[in-house]
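Now for the letters of each chain:
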2 protein chains.
Amino acid sequence: MPFIAHEAVKTIGIVGAGTIGSSWAAWFLARGLKVRLTDPSPATPELVRTYLEGAWPALRQLGVAHATLEQAASRLSFHASAAEAATGADFVQESAPERAAIKQALLEEIDAVLPPDRVIASSTSGFGVTEMQAEMREPQRLVVGHPFNPPHLIPLVEVVGGGRTSEAAVQWAIAFYNHVGKRAIHVRKEVPGHIANRLQAALWREALHLVQEGVGSVDDVDAAIAYGPGLRWAVMGPHLTFHLAGGKGGMAHFFDHLGPNVEKWWADLGTPLITPELRDLIVGGVDEEIGDRSYEELVEQRDQTLLRVLAATAKRE
Amino acid sequence: MPFIAHEAVKTIGIVGAGTIGSSWAAWFLARGLKVRLTDPSPATPELVRTYLEGAWPALRQLGVAHATLEQAASRLSFHASAAEAATGADFVQESAPERAAIKQALLEEIDAVLPPDRVIASSTSGFGVTEMQAEMREPQRLVVGHPFNPPHLIPLVEVVGGGRTSEAAVQWAIAFYNHVGKRAIHVRKEVPGHIANRLQAALWREALHLVQEGVGSVDDVDAAIAYGPGLRWAVMGPHLTFHLAGGKGGMAHFFDHLGPNVEKWWADLGTPLITPELRDLIVGGVDEEIGDRSYEELVEQRDQTLLRVLAATAKRE
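Small disclaimer: the values here were computed from a predicted structure and weren't measured.

> Explanation requested: the side chain of Arg141(A) in the structure shown.
All names here are of chain A. With respect to the helices and strands, the residue Arg-141 is situated in the loop between helix 6 (129–132) and strand 6 (142–147). Residue classification places Arg-141 among the buried positions, given a relative accessible area of 0%. Reaching out from Arg-141, the side chain makes a polar contact with the backbone oxygen of Leu-114 at a distance of 2.8 Å. Within polar-contact distance, the side chain of Arg-141 engages the backbone oxygen of Arg-118 at 2.7 Å. Once residues lying within four places of it in the same chain are set aside, the contact partners of Arg-141 are Phe-3, Asp-111, Leu-114, Pro-115, Pro-116, Arg-118, Val-119, Ile-120, Met-136 and Ala-169.

> Could you clarify how one ought to interpret the packing of helix 1 (residues 19–30) of chain A against helix 2 (residues 44–61) of chain A in this entry?
All names here are of chain A. Interaxial distance between helix 1 and helix 2 falls to 10 Å at its minimum, and their mutual angle equals 50 degrees. Between helix 1 and helix 2, the angle is such that the two are oblique. The handedness of the crossing between helix 1 and helix 2 comes out as right-handed. Facing Thr-19, Ser-22, Ser-23, Ala-26, Trp-27, Leu-29 and Ala-30 of helix 1, the residues of helix 2 in contact are Val-48, Tyr-51, Leu-52, Ala-55, Trp-56 and Leu-59.

> So what exactly am I meant to see when it comes to the nonpolar core here?
Of all hydrophobic cores here, the largest spans 145 residues; its most connected members are Trp204(A) and Trp204(B). Non-local contacts of Trp204(B), meaning those with residues more than four positions away in its chain, are made with Pro238(A), His239(A), Phe242(A), Met251(A), Phe254(A), Phe255(A), Val262(A) and Trp266(A).

> Looking at this structure, I do not really get empty space enclosed by the protein. What am I missing?
The method is simple in principle: a probe with the dimensions of a water molecule rolls over the atoms, and the space it marks as empty is what remains. Scanning the model with the defined rule gives one cavity of 30 Å³ or more in all. Taken as a whole, the largest cavity encloses approximately 70 Å³ of empty space. Every residue along the wall of the largest cavity is listed here: Ala202(A), Arg205(A), Glu206(A), Leu269(A), Gly270(A), Ala202(B), Arg205(B), Glu206(B), Leu269(B) and Gly270(B). Put simply, the parts of the chain that give the lining of the largest cavity at least two residues each are helix 8 (196–212) of chain A together with helix 8 (196–212) of chain B.

> Just to check I follow, could you spell out the pattern of salt bridges for this structure?
When the charged atoms of two side chains with opposite charge come close together, those side chains can pair. For the structure shown, the criterion picks out 30 salt bridges over all chains. The residue Glu296(B) makes a salt bridge to Lys248(A) at a minimum N-O spacing of 2.4 Å. Taken together, the residues span two chains, with Glu296(B) in helix 14 (residues 295–313) and Lys248(A) in the loop between helix 11 (238–245) and helix 12 (250–268). Taking relative accessible area as the criterion, Glu296(B) reaches 45% and is therefore assigned partly exposed. Given a relative accessible area of 66%, Lys248(A) falls into the exposed group. Here the salt bridges do not stand alone but share partners, grouping Arg49(A), Glu53(A) and Glu70(A) into one network.

> What's the story with the packing of aromatic side chains in this structure? I'm lost.
Inspection of the entire model under this criterion finds 29 aromatic pairs over all chains. Ring geometry for Trp204(A) and Phe242(B): centres 4.9 Å apart, planes at 75 degrees, overall edge-to-face. Of this pair, Trp204(A) sits in helix 8 while Phe242(B) sits in helix 11 (residues 238–245), which puts the two residues in different chains. On the basis of relative accessible area, Trp204(A) is assigned to the buried category, the value being 1%.

> How should helix 11 of chain B be read in this particular structure?
Because an α-helix completes one turn every 3.6 residues, residues spaced three or four positions apart along the sequence face the same direction. Helix 11 of chain B sits mainly inside the fold: seven of its eight residues count as buried. Tucked inside the fold, the buried residues of helix 11 of chain B contact helix 8, helix 9 (218–226), helix 13 (276–290) and helix 14 (295–313) of chain A together with helix 10 (229–233) and helix 12 (250–268) of chain B. Just past helix 11 of chain B, the residue Gly247(B) takes up positive phi, approximately 65 degrees.

> So what exactly am I meant to see when it comes to the relation of the copies chain A and chain B here?
Here two copies of a chain appear, and what relates them is a rotation about an axis with a shift along it. Rotating chain A by 180 degrees and moving it 0.0 Å along the rotation axis overlays it on chain B with an RMSD of 0.0 Å. The symmetry that links the two subunits is that of a two-fold axis. Among all residues of chain A, the minimum C-alpha distance to the rotation axis is found for Leu203(A), at 2.5 Å. When the interface residues of chain A are mapped onto chain B, 100% of them again lie at the interface, so the same face is used by both copies.

> It is not clear to me how helix 2 (residues 44–61) of chain B should be interpreted in this structure. Could you clarify?
Residues and elements named next belong to chain B. Between its first and last C-alpha atoms helix 2 spans 26 Å; for 18 residues at 1.5 Å apiece the expected length is 26 Å, and the two agree. Along its length, helix 2 reaches its greatest deviation from straightness, about 35 degrees, at Ala-55, and the proline Pro-57 lies no more than four positions downstream. Of all the residues in helix 2, the buried ones are Thr-44, Val-48, Leu-52, Ala-55, Trp-56, Ala-58 and Leu-59. Looking at the buried residues of helix 2, the elements they touch are helix 1 (19–30), strand 2 (34–38), helix 3 (69–73), strand 3 (76–79) and helix 14.

> Before we go on, may I ask you to explain the sheet that holds strand 2 of chain B in this structure?
The strands making up a sheet associate through hydrogen bonds between their backbones, and the pairing can be parallel or antiparallel. Residues and elements named next belong to chain B. Strand order in this open sheet of eight strands is 3-2-1-4-5-6-7-8, and the pairing throughout is mixed. Of all the strands in the sheet, just strand 3 and strand 8 (183–187) have a single pairing partner and so form its edges. With strand direction ignored, the average angle separating the axes of adjacent strands in the sheet is 25 degrees. The pairing of strand 1 (residues 11–15) with strand 4 (residues 91–94) spans four bridges and is classified as parallel. Bridging across to strand 4, Ile-12 finds its partner in Phe-91. Where helix 1 meets the sheet, its contacts fall on strand 1, strand 2, strand 3, strand 4, strand 6 (142–147) and strand 7 (156–161), and the angle it forms with strand 1 comes to roughly 170 degrees.

> Just to check I follow, could you spell out the confidence of the model for chain A for this structure?
Detailed reading of predicted coordinates is not advised where the pLDDT is low. Per-residue pLDDT for chain A averages 96, and the proportion of residues at 70 or more is 100%. As a predicted assembly, this complex carries a pTM of 0.96 together with an ipTM value of 0.97.

> Could you clarify how one ought to interpret the pairing of strand 4 (residues 91–94) of chain A in this entry?
Regular strands have side chains that alternate between both faces of the sheet. Here strand 4 of chain A shows a buried face lined by Phe91(A) and Gln93(A) and a second buried face lined by Val92(A) and Glu94(A). What joins strand 4 of chain A to strand 5 (residues 119–122) of chain A is helix 5 (residues 100–113) of chain A, and the crossover it makes is right-handed.

> Can you walk me through the side chain of Thr313(A) in this structure?
Considering the arrangement of structural elements, one finds Thr313(A) in helix 14. You can call Thr313(A) buried: its relative accessible area is 4%. A distance of 2.9 Å separates a polar side-chain atom of Thr313(A) from the backbone oxygen of Val309(A). Beyond its immediate chain neighbours, meaning those up to four positions away, Thr313(A) contacts Ala234(A), Leu231(B), Thr305(B) and Val309(B).

> Where do I start with the pairing of strand 4 of chain B in this structure?
The pairing of strand 4 of chain B with strand 5 (residues 119–122) of chain B spans four bridges and is classified as parallel. Bridge assignment links Phe91(B) to a residue of strand 5 of chain B, and that residue is Val119(B).

> Would you explain the interface of chain A and chain B in this entry?
It is common to give the size of an interface as the accessible area that goes away when the parts come together. On the chain B side, the residues contacting the 104 residues of chain A number 105 residues. Counting each side, the surface lost to burial between chain A and chain B is near 10900 Å², with a carbon and sulfur contribution of 68%. Looking at the side of chain A facing chain B, the largest losses of area belong to Trp204(A), Tyr227(A) and Trp266(A), adding up to 8% of the total buried there. Put simply, chain A and chain B have 34 residue pairs in polar contact (both at pLDDT 80 or more) between them. A per-element tally of the side of chain A that touches chain B places helix 8 of chain A first, with 16 residues. Taken together, the residues that form the side of chain A that touches chain B break down as 59 nonpolar, 20 polar and 25 charged.

Cut-offs used in this document
Residues numbered from 1 in each chain as written. Chains lettered and ligands numbered in written order. Predicted model: local features only at pLDDT ≥ 70, side-chain atom pairs only at ≥ 80, totals over all residues. Heavy atoms only, no water. Helix = DSSP H or I, 4+ residues; strand = E, 2+ residues; numbered from the N terminus. Buried < 20%, exposed > 50% of the residue type's maximum accessible area, 1.4 Å probe, protein only. Polar contact = N/O pair within 3.5 Å; in protein donor to acceptor, adjacent residues only side chain to side chain. Contact = heavy atoms within 4.5 Å. Axes fitted to C-alpha atoms, helices over the stretch in contact; angles between N-to-C directions. Parallel < 35°, antiparallel > 145°, perpendicular 65-115°, else oblique. Left-handed = near helix turned anticlockwise from the far one by under 90°. Core = buried A, V, L, I, M, F, W, Y, C linked by side-chain atoms within 4.5 Å. 1 Å grid on protein atoms, 1.4 Å probe; cavity = no way out; pocket = protein on both sides within 12 Å on 5 of 7 lines; lining within 4 Å. Points joined across faces, edges and corners; volume = space filled by probe spheres on them. Salt bridge = Lys/Arg side-chain N within 4 Å of Asp/Glu carboxyl O. Phe/Tyr/Trp six-rings, centres within 6.5 Å; stacked < 30°, edge-to-face > 60°. Least-squares fit on C-alpha atoms with pLDDT ≥ 70 in both. Expected span 1.5 Å × (residues − 1). Bend = angle between axes of the 7 residues up to and from the residue. Pairing = 2+ DSSP bridges. pLDDT = per-residue confidence, 0-100. Right-handed = clockwise from strand over helix to strand, strands pointing away. Buried area = accessible area lost by both parts, 1.4 Å probe. Nonpolar A, V, L, I, M, F, W, Y, C, P; charged D, E, K, R; others polar.

Take a look at the structure:
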């Protein structure tokens, strides 16, 4: 049986309304879809409403949302259980807390009511699909659909299938996320951290090493990214960047010309551990970097700059 | 004897007019300075002129250059030797090919004619200052001032002192680069790759590992950066990003909450070597990623997007 057509998806079930679930709700509402939301906290309607009020101006400014928040909110409903939120949904995005027992119980509850031609995606960063789908009635339709924080602003979604996931479900999810305006990639093996978090962790490991060894302050290491390669990585990924740096000879020339240098740098990279001393060093370094800027100022600065970067990169392809 | 005041610097000597030297020339001319340039190639005046014609519209668009290219070009002169280019210069940026013997000979030539109150910076990515300053008359004024390609667009400059460099020269260079509109950082120890190239190499190592292991295609790994963390790194560096991700608890909360996950990911990162097989795999993957886009189209896409990102991030502080 084929999965539901992407164009026929009108209603999204969202299970879990923390920052990830609320942000997913904002995105799907902005794209004109109905959202059926559930979360055990009694404060959920108020918290989600506040979240949407914060998120909506950016979504309007970026041209993602065309409706007013009032119009969009009329497409949002709150439900008492995962089963109720999933009933009538064409796709479910599970965003419950990162605890295996909670996620598995919710996934089984969704699985029991959702017709088999509908895909279920979990936002998990830490659990494997194979593990989570073990007790499902229709395990072939479970995927990881891991967003990058905050999901309503960062386009990336990492799609992973498990041992019992059908290839059709994986391809359906990738195409569906792209259909609603995200940028989905296929993570072809279940590995810790999927892809993006591993790449971040690799970079951060060397950043910590450089601070630990006294090569740079936290402030200078941060600036080395944000005023250097970070600017290029917002434009294109590392391989394409290096391909163009290789001139007409491209990636092959880059390997031949700079490969030996890169291998020399690799040989010198560090493998620090998160000791209490390193933690204190970094926390203190961040304090110095921040100076007298308040938390709210920094968040405002980040959000406004990120919005401009998103607008700047919206049409790169 | 103190170094010349930053405001008194009117004339820059540039030794070596490849892509790095030409790009430096574009930046200093845009900032209203005189540039004395030398390069052994007889085609230099024509190549530099072509480079400036390509670079100038972006420098105007970004508000870095106020003069027309004609006005700026009247401040540019070509010279037959490093000694001649350095004569009358208030600061020299050496950007010769990455060969130790060439650089050392040029640095000694500059050193012999430049008054001791003027700093000399080398753009080198591969050589240490201590090594390069060994035979200098005034070694205390030699620093590395390593830009990030292309120097007229990417703000980062990494400043490194050697064993015989004075702290005053390092601080002078950092303040001078910032004075002319760059973002200089202090690399406090001579390590291979300074800071930014090491961080890039660390990320790329894991990117190669993920492709090698079949976790993601080159295209998907590139997208994982450019549509994910790359967008955030154009805004602020990894530590400040994580600090804000930690909410009100900041960096300390981030360590406590996500540290164990990060350590699990670290334990799983790979250490690939650049074998012929890996090289072919990546070159082939880049070809697939590019599809039918021409080299010129890609360069145009990169340059236009980068310009918008630079404008988006120009006022983040």
